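Notes for the structure review
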Amino acid sequence: MTTGLVFDIKHFAVHDGPGIRTTVFVKGCPLRCMWCHNPESLTSEPQLMFTPSRCIGCGYCMKICDHGAHITVNGAHEVDWTKCEACGKCAAECYSGALEIAGREVSVDEVMEAVLKDKVFFENSKGGMTISGGEPLSQPEFTVEVFRRAKENGIHTSLDTSGYAAWSVIEKVIEHVDLVLYDIKQMDSERHKEYTGVSNELIIENLKKIDTKDIPIWVRIPTIPGLNDDEDNFRKIGELLSLLKHLERVDILRYHKLAESKYEHTGQDYRLKGMNTPEKDEVEHLKDILEGYGLSNVSIS
């Protein structure tokens with residue numbers, strides 16, 4: 001039985017492709033983007049999440065933890081992340097939901113049971129199912145099988161990817177995909193590596209190859225102040241995207257810090273702490289640059 005590690009299945013998603021969608025978030029990613037809004041997706045194994053605002057101070061987790069990871073500091077419950085082994089024992093017993101495990105192994109059948117519950121919404125809104133992450137291509141067998149089953153049930157499928165994978169993997173996955181959502185972040189390879197942990201050559205090469213497969217592409221550009229929102233970067237992005245024959249849409253995604261607390265809740269450092277979301281009119285000139293390369297259907301989100 002094919003299984004995968006999933007950290008969320010989001011119903012009624014409206015930002016992951018056309019119409020109303022169910023988005024399956026798989027765990028594990030080869031990138032380490034400084035601005036990642038799903039830090040709980042990065043590792044390829046389950047991990048503990050602690051939300052202090054939900055804690056009622058019962059102290060039961062401290063009694064049952066075999067590793068001494070739950071401690072009291074100045075009267076407040078904290079987690080010593082160096083001792084936590086994400087066994088899930090505390091989360092299973094946490095009455096208030098302050099402790100949760102991000103990441104559970106699920107079968108394709110379990111995923112499809114959740115997805116098919118929303119099929120009526122897909123039909124009425126021309127929506128479907130999206131697999132996101134993390135990076136879906138990091139679990140290719142699972143991703144392929146979920147997409148294949150969705151297609152058998154007449155459900156529109158979207159792959160949300162960074163494009164950082166071997167072409168042999170991508171080629172197998174997109175056989176069952178109706179739409180590709182593709183991130184382009186930074187055209188300078190060294191800066192791309194500095195901000196994401198990997199260079200961009202493979203990503204750009206794979207985008208061009210996908211464009212030969214007669215599959216619609218939506219490019220999404222997460223725009224981070226001071227990192228990739230300069231005009232030179234957007235001109236180079238415009239040059240690249242102007243070559244694509246199957247590009248349907250471009251979304252400029254303004255940086256937001258809604259996930260900042262998730263880093264604290266999983267014991268990770270957030271390197272962009274204090275950065276603010278730019279106003280829409282502050283990035284309008286970036287939209288103008290892309291449109292100057294003949295790109296239509298460019299939006300700012």
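It should be noted that the structure appears before, not after, this text.
Now for a look at the structure at hand. (Residues numbered from 1 in each chain as written. Predicted model: local features only at pLDDT ≥ 70, side-chain atom pairs only at ≥ 80, totals over all residues. Heavy atoms only, no water.)

Counting residues in each nonpolar core, the largest one holds 54 residues, and the members touching the most others are M129, I174, I184, L241 and L290. Among residues more than four places away in sequence, those in contact with L241 are L207, V219, L247, V250 and L295. If you look at the next biggest cluster of nonpolar residues, it comprises 16 residues, including V198, I224, Y255 and M275. (Core = buried A, V, L, I, M, F, W, Y, C linked by side-chain atoms within 4.5 Å. Buried < 20%, exposed > 50% of the residue type's maximum accessible area, 1.4 Å probe, protein only. Contact = heavy atoms within 4.5 Å.)

We now examine the sheet that holds strand 12 (residues 247–254). The nine strands lie next to each other as 7-1-2-8-9-10-11-12-13, forming an open sheet whose pairing is mixed. Of all the strands in the sheet, just strand 7 (104–107) and strand 13 (298–300) have a single pairing partner and so form its edges. Ignoring strand direction, the axes of neighbouring strands in this sheet form an average angle of 30 degrees. As paired elements, strand 1 (residues 3–13) and strand 2 (residues 21–26) share five bridges and run antiparallel to each other. From the neighbouring strand, K10 faces strand 2, where its bridge partner is T23. Running over the sheet, helix 8 (residues 201–210) touches strand 10 (179–183) and strand 11 (217–223) and is turned about 160 degrees from strand 10. Packed on one face of the sheet, helix 11 (residues 284–291) meets strand 11, strand 12 and strand 13 and runs near 170 degrees to strand 13. (Pairing = 2+ DSSP bridges. Helix = DSSP H or I, 4+ residues; strand = E, 2+ residues; numbered from the N terminus. Axes fitted to C-alpha atoms, helices over the stretch in contact; angles between N-to-C directions.)

Here we come to the pairing of strand 9 (residues 156–161). The element strand 9 is extensively covered by neighbouring structure, given that five of its six residues are classed as buried. Direction of pairing for strand 8 (residues 128–132) relative to strand 9: parallel, over a ladder of four bridges. Within strand 9, the residue paired with G128 across the bridge is H156. Tracing the backbone out of strand 8, into helix 5 (residues 140–152) and back to the parallel element strand 9 gives a crossover that is right-handed. (Right-handed = clockwise from strand over helix to strand, strands pointing away.)

Side chains of E279, D281, E282, E284 and D288 sit close together on the surface and give a patch of like negative charge. Tracing the backbone shows D281 in the loop between helix 10 (260–265) and helix 11. Under the relative-accessibility criterion, D281 is labelled exposed at 59%. (Patch = residues over 30% accessible without salt bridge, like charges linked within 9 Å, V, L, I, M, F, W, Y side chains within 5 Å. Areas by Shrake-Rupley, 256 points an atom, 1.4 Å probe, with all protein chains shown as cover. Salt bridge = Lys/Arg side-chain N within 4 Å of Asp/Glu carboxyl O. Lys, Arg positive; Asp, Glu negative; His and termini not counted. Charge placed at Lys NZ, Arg CZ, Asp CG, Glu CD.)

Here we come to unusual backbone geometry. Here the amide bond leading from G133 into G134 is cis, since omega sits at 10 degrees, within 30 degrees of zero. As for its position among the elements, G134 is in the loop between strand 8 and helix 5. Phi at N74 is positive, roughly 50 degrees, even though this residue is not glycine. You can see N74 is positioned in the loop between strand 4 (70–73) and strand 5 (76–79). Although it is not a glycine, A86 adopts a positive phi angle of roughly 50 degrees. Within the secondary structure, A86 is located in the loop between strand 5 and helix 2 (89–93). Classification of A86 by relative accessible area gives partly exposed; the value is 23%.

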